[in-house]
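# A structural walkthrough
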Amino acid sequence: MDLKTSYKNTELDPIYAGSGAIATISEDGSILATPILDEINVVQLKPTQKKLVTISNDDEQEITALKLTPDGKYLCYVSQAQLLKIAEVSTGKIVRSMKISSPAYIMDSELTSTLVAIGGTDGSIIVVDIENGYITHSFKGHGGTISSLKFHGELNSNTWLLCSGDTNGMIKIWDLVKRRCIHTVQEHNSAVRGLDIRAKADDSDLLQMISGGRDDIINFWELNTKKKCTLLKTIPAHQQVEACGFVTINDSTDIIYTAGGDAVLQFISLDKGSVVMKSKQPVEELFIIGVLSMKNGSELYAVMSDQSLHLLNIESVLLLEDKTTVFNFNSSIAGNHGTIADMRFIGPSLNKLALATNSPTLRIIPVPNENDTDHLPIDVDMYDGHEDLLNAVDSTEDGLWLATASKDNTAIVWRYNEDTEKFQQYAKYMGHSATVTAIGLPNVTLRHWPEFLLTASNDLTIKKWSIPKPKGPASIEDVVHEFKSSDYTRRAHDKDINALSISPNDSVFATASYDKTCKIWELETGELKATLANHKRGLWDVSFCQFDKILATCSGDKTIKIWSLDTFSVLKTLEGHTNAVQRCHFINKNHQLVSTGADGLVKIWDCSSGECLKTLDGHNNRIWALSVFDDGNLIVTADADGVFQFWRDCTEAQREIDIEMEKQKVEQEQSLQNYLANEDWTNAFLLAITLDHPMRLFNVLRRSLDYVSAADEDDKNIIFNRELDNVISTLNEDQLLLLMKRCRDWNTNARTHTIAQKTIRCILLHHNISDLSEIQGMMKIIDGIIPYTQRHFARVDNLVEQSYILDYALVQMDKLL
């Protein structure tokens, strides 16, 4: 059996996290820009999803506001360093940078993509010409932090306005042509977060404006560019308003939208002053922090406080016959998933991952395609069902059934609906008195559905539940079965139960606990069969082997133990992790095992020898989740930062590469010997430096000293020989850096320092010192050479001094004779 020793990885990082700035999108909905701390990810959404460029903020300050121009050509952003920067989206290159007077958290760009407005915490507003990089307008007059901005312009006219709102509830309307404030109103008593303005449909001289604030109201205004500004209506929004806007499709002049508190997007009738439709409120305590409108207002993304973006086609919602319907969003994008606690491959093709995250919502994401590395799988399906965080997930072998365990003391079984290609709730289990921490579905489904469910809880018990037989296809099952009594309940451990695993034939199952033990149970009766106690700290995971009567446990004592199910004794103890081992799983038909730890490392083990064959380093934080597909050909790991690594076995390909490299190495070795025999110093030196083997290069330089002509010996500028000196004089920067590294290493040894000193002298004779000092990393190498060189000179001085004493002694002996 060939062991798996090489893996190549595909990384899936969060694209939106750790910043208070709201994402931004182009008018056609094809380009999305999202902040993640001090970086900005520019993502293409259509026609395919892929990351275009990452723009790094050189001052390493967190991004506070950003805005894409409607045409998607430029990205404007502000950081905590109070710098406005403008970058080209196509290249990620910063083309403009300027200092602003105060921190800014609000930006807006107008429809021609010419101007961007920035609102500061000092109440000032500047308008910048994006293309030319200069300030066109500077407005002052607000007494609080600018909390909203909105441009309004009509092409081929003199109507160009900028509306601004502040945290004190004041709204100002600025005429950009006349460069002055034309209206100031204050009807809100808290921050104005939403503004929108449009021309009145039946009167081109009048404008309509809506404003929404954190005082839970919407104000509807009518105004012109002269003195008229009238409050027509105040509408209760019944939520903290973070965004609002007019709906302009299908002549819906009466409808506006608001979004904010309770994570609900709602449509309100201006005439009736009441909500006509609204989105389904999620179970999780979220709120909408912003709305990204696009395609002339026909579509929008609601940006949630967990950095997920939910797409809504407004036209499809407004065409619904039942206007009182609570609607769902069309699709979702995940900016990040937070901490991944557990995951499983699911779906008919097992090409999706079900995630248990620090959220009550079940998340399902696509698995990246091995052959399409540019594709960015950020689509996510979200399923509400639990009321608290998910702890664990499990699935059947066919991927059509899924079970989730939650901190709300319940477990849910989900079933795949082939018509909708979604999962739906099938059964809910309520009976534990504490958090459900582990869950298990059968490995064998003889009747095309899982017949039982196992759960473990912090109430220190394990329960077996029955799963009822489906009455038909998932598309006709509309009833969620609820169970409050289990088939049996057993007190299992003295401390929290962290993991549960079912044997391949469903005859027994194992539980792993903080009480440092693993227990084996009869599945049918729930009777205790054995207790495995050999770990020094609590256990995090337990895993059965699919091909042999063994199982593995991993613990906070930094070890993995492999146990015999015949004798219940330890067969092997695997040591190598530097912190707690979180997960383990057998791969390659029980010959190997993969483990993940709190040290952020993935290790591949040989079960027979207990040797760690490979350490995979791709995480910077504790790895909570591990899932294996196709007996280890694909391994997925996820950490506390929400970073996924998809490790694909490439052992065979790597073996072929190694064989080819070994073949080339032998050929190059022979060529080197031939060059030396023929005294071809040029090719010998260049080949030796290409091979990057210190002693081969050293031997070429040393042997060249034996082939110096009489003419070269008399020339003080010849160090080795004329041919080799000439080669050294033509080396490029990379070759010079490598040669100096070798000189640094040789210089530390008294037997090899002579060649090092000669080589350094040759380099200094033939290369400009100032050019050498500009090579990146060169000065650091020279700093390592100098101390040993000084030591060599000191030793030579001592020898010279001692030689004087010897000369004196010999002269005195001659006198005596």
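Here the structure is a predicted model, which means the values were calculated and not measured. (Residues numbered from 1 in each chain as written. Predicted model: local features only at pLDDT ≥ 70, side-chain atom pairs only at ≥ 80, totals over all residues. Heavy atoms only, no water.)

Time to look at the packing of aromatic side chains. Enumeration according to the criterion identifies 14 aromatic pairs in this entry. Pairing Tyr 514 with Trp 540 gives two aromatic rings, centres 5.4 Å apart and planes at 75°, and the pair type is edge-to-face. With Tyr 514 in the loop between strand 45 (508–513) and strand 46 (517–522) and Trp 540 in strand 48 (residues 539–544), the pair connects residues that are 26 residues apart, well separated along the chain. Here a set of aromatic residues connected by ring pairs shows up, and it is made of Phe 267, Phe 327 and Phe 329. (Phe/Tyr/Trp six-rings, centres within 6.5 Å; stacked < 30°, edge-to-face > 60°. Helix = DSSP H or I, 4+ residues; strand = E, 2+ residues; numbered from the N terminus.)

Strand order in the open sheet made by the 4 strands is 44-45-46-47, with antiparallel pairing throughout. Each end of this open sheet is capped by a strand with a single partner; those strands are strand 44 (497–502) and strand 47 (528–533). Strand-to-strand twist of the sheet, defined as the mean angle between neighbouring strand axes without regard to direction, takes the value 20°. Note: strand 46 against strand 47, 5 bridges, orientation antiparallel. Bridged to Trp 521 within strand 47 is Leu 528. (Pairing = 2+ DSSP bridges. Axes fitted to C-alpha atoms, helices over the stretch in contact; angles between N-to-C directions.)

Attention now goes to empty space enclosed by the protein. With a probe scaled to a water molecule rolled over the atoms, the places where space remains empty come into view. Overall, the coordinates contain 2 cavities of 30 Å³ or more when judged by the stated rule. Empty space within the largest cavity amounts to approximately 80 Å³. Residue lining of the largest cavity: Leu 12, Asp 13, Pro 14, Ile 15, Ala 334, Gly 335, Asn 336, His 337, Pro 377, Ile 378, Gly 642 and Phe 644, and that is the complete set. Residues that form the lining of the largest cavity fall into these classes: 7 nonpolar, 4 polar and 1 charged. Of the pockets and cavities examined, the second largest cavity occupies roughly 50 Å³. In terms of lining, the second largest cavity is formed by Ile 100, Ser 101, Ser 102, Ala 104, Ile 118, Gly 119, Gly 120, Ser 124, Ile 125 and Ile 126. Secondary structure elements with two or more residues in the lining of the second largest cavity: strand 11 (115–120) and strand 12 (125–129). (1 Å grid on protein atoms, 1.4 Å probe; cavity = no way out; pocket = protein on both sides within 12 Å on 5 of 7 lines; lining within 4 Å. Points joined across faces, edges and corners; volume = space filled by probe spheres on them. Nonpolar A, V, L, I, M, F, W, Y, C, P; charged D, E, K, R; others polar.)

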